[in-house]
Structure formats: structure tokens, C-alpha cells
Amino acid sequence: MTPTPYITFQGNCREAMTAYAGIFGGEITMMMTGADMPGFPVPEGKEDWIMHSAVQLGGGTLMGSDDMMGDLPPVGGCWVMMEMPELGRAREVFAALAAGGSVGMDLNPTDWSPGFGMVTDRFGIPWMISTTPAEA
């Protein structure tokens, strides 16, 4: 079993998922709009909002959609954790996510990692970026 984060956005899912594919070097494998969903009652003006999307990131998938009905609160109480194999790459990813967002904890060495940090990106999504510890 592999958990798959599914993030809900407030009308900027396409922009966010495209940014994540670029930041992490992933591939967008699905980007379906509300208008693409037969039989789904899409609210007026939201035909181009994203109903379902997926980005393949290495061995995992990040999924997302826009809040078509407008009744979901902003993301809270949950973080997307990404383990990076190299500290330099972790720094690049962290900086890209921090651009236009806010840093909760700078990416620094910890007892468990050569680099760990917490950032909320410009889309309001909270991330934990960690680096795989070196083999002892």
C-alpha cells in the first residue's frame, strides 16, 4: 500500500500542479477539468477548474483538484512530506516552494537529517522537506 496525498485548491490547481511538476521534476499524468466530466453538475464559471489531476513524482503520486462546490476549508492540520536523496536538491526544492510562500522552519541539519525544513508554499500548501541521512 502507498498513501497518496490529494490536495484541494481554491481555483488554482492547474497552476499549483504544474509548479510541483517543475519543482520536483515530475510528470503531469492527468489534468481533467470540470467540463471534461460528463454528467457532473459543474457550477457556472468553473468549467475550466480542475476536477482531477495527478503528478508522478518518482515512485509516488501527488493528486489534486479545485474545490468545485466551494465548501471546503483551506488545507490545515496536514503536511506533504518529501524525502530528498541529496541536500543540494533539498535546498533547491525548499527555495522553490518558499518563493512567494512562508518558511516555518529553515532547512537545517537536525538529529535525524542532514537537512529538514517546513514551508507553506504560495498556494497555501504546507510542506516538510527532508534529506535522507547518510549511511553510517
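All of these numbers come straight from a predicted model, not from anything done at the bench.

Cut-offs used in this document
- Residues numbered from 1 in each chain as written.
- Predicted model: local features only at pLDDT ≥ 70, side-chain atom pairs only at ≥ 80, totals over all residues.
- Heavy atoms only, no water.
- Phe/Tyr/Trp six-rings, centres within 6.5 Å; stacked < 30°, edge-to-face > 60°.
- Helix = DSSP H or I, 4+ residues; strand = E, 2+ residues; numbered from the N terminus.
- Buried < 20%, exposed > 50% of the residue type's maximum accessible area, 1.4 Å probe, protein only.
- Pairing = 2+ DSSP bridges.
- Core = buried A, V, L, I, M, F, W, Y, C linked by side-chain atoms within 4.5 Å.
- Contact = heavy atoms within 4.5 Å.
- Salt bridge = Lys/Arg side-chain N within 4 Å of Asp/Glu carboxyl O.

### Quick word on the packing of aromatic side chains
Taken as a whole and assessed by the stated rule, the structure comprises four aromatic pairs. Aromatic side chains Tyr 20 and Phe 123 sit 6.0 Å apart centroid to centroid with 85 degrees between the ring planes, which places their arrangement in the edge-to-face category. Of this pair, Tyr 20 sits in helix H1 (residues 13-24) while Phe 123 is found in the loop between strand E7 (116-120) and strand E8 (126-131), placing the two residues 103 residues apart along the sequence. A single burial state applies to Tyr 20 and to Phe 123, both of which are buried. Ring centres 5.3 Å apart and planes at 65 degrees place the aromatic pair Trp 112 and Phe 116 in the edge-to-face group. An aromatic cluster is defined as three or more aromatic residues linked by ring pairs; in this entry it consists of Tyr 20, Phe 24, Phe 123 and Trp 127.

### A word on the pairing of E7
Summarising burial for E7: four of the five residues are buried, a large majority. Direction of pairing for E7 relative to E8: antiparallel, over a ladder of five bridges. Bridging across to E8, Gly 117 finds its partner in Ile 129. Hairpin connection of E7 to E8: five residues between the antiparallel strands, including Gly 124 at a positive phi of 85 degrees.

### Observations regarding the side chain of Thr 33
Topologically, Thr 33 is positioned in strand E2 (residues 27-33). For Thr 33, a relative accessible area of 10% corresponds to the buried category.

### Concerning the nonpolar core
Grouped together as the largest cluster of nonpolar side chains are 28 residues, with contacts concentrated most on Phe 9, Tyr 20, Phe 24, Leu 97, Ile 125, Trp 127 and Ile 129. For this core, the secondary-structure elements that each account for two or more residues are strand E1 (6-9), H1, strand E3 (50-57), strand E5 (80-84), helix H2 (87-98) and E8. The dominant element in this core, judged by the number of residues it contributes, is H1, at eight residues. Residues in contact with Ile 125, not counting those within four places in the same chain, are Ile 7, Phe 9, Tyr 20, Val 75, Val 80, Val 119 and Thr 120.

### Thoughts on the pattern of salt bridges
As enumerated under the stated definition, the model contains two salt bridges in all. Between Glu 15 and Arg 122 there is a salt bridge, with its nearest N and O atoms 3.7 Å apart. Note that Glu 15 is positioned in helix H1 and Arg 122 in the loop between E7 and E8, a separation of 107 residues in sequence. For Glu 15, a relative accessible area of 45% translates into the label partly exposed. On the accessibility criterion, Arg 122 (44% relative accessible area) is partly exposed. As a salt-bridge pair, Glu 92 and Arg 89 come within 3.2 Å of each other at their nearest N and O atoms. Of this pair, Glu 92 and Arg 89 both sit in helix H2, three residues apart, roughly one helical turn.

In short, geometric facts, not functional conclusions.
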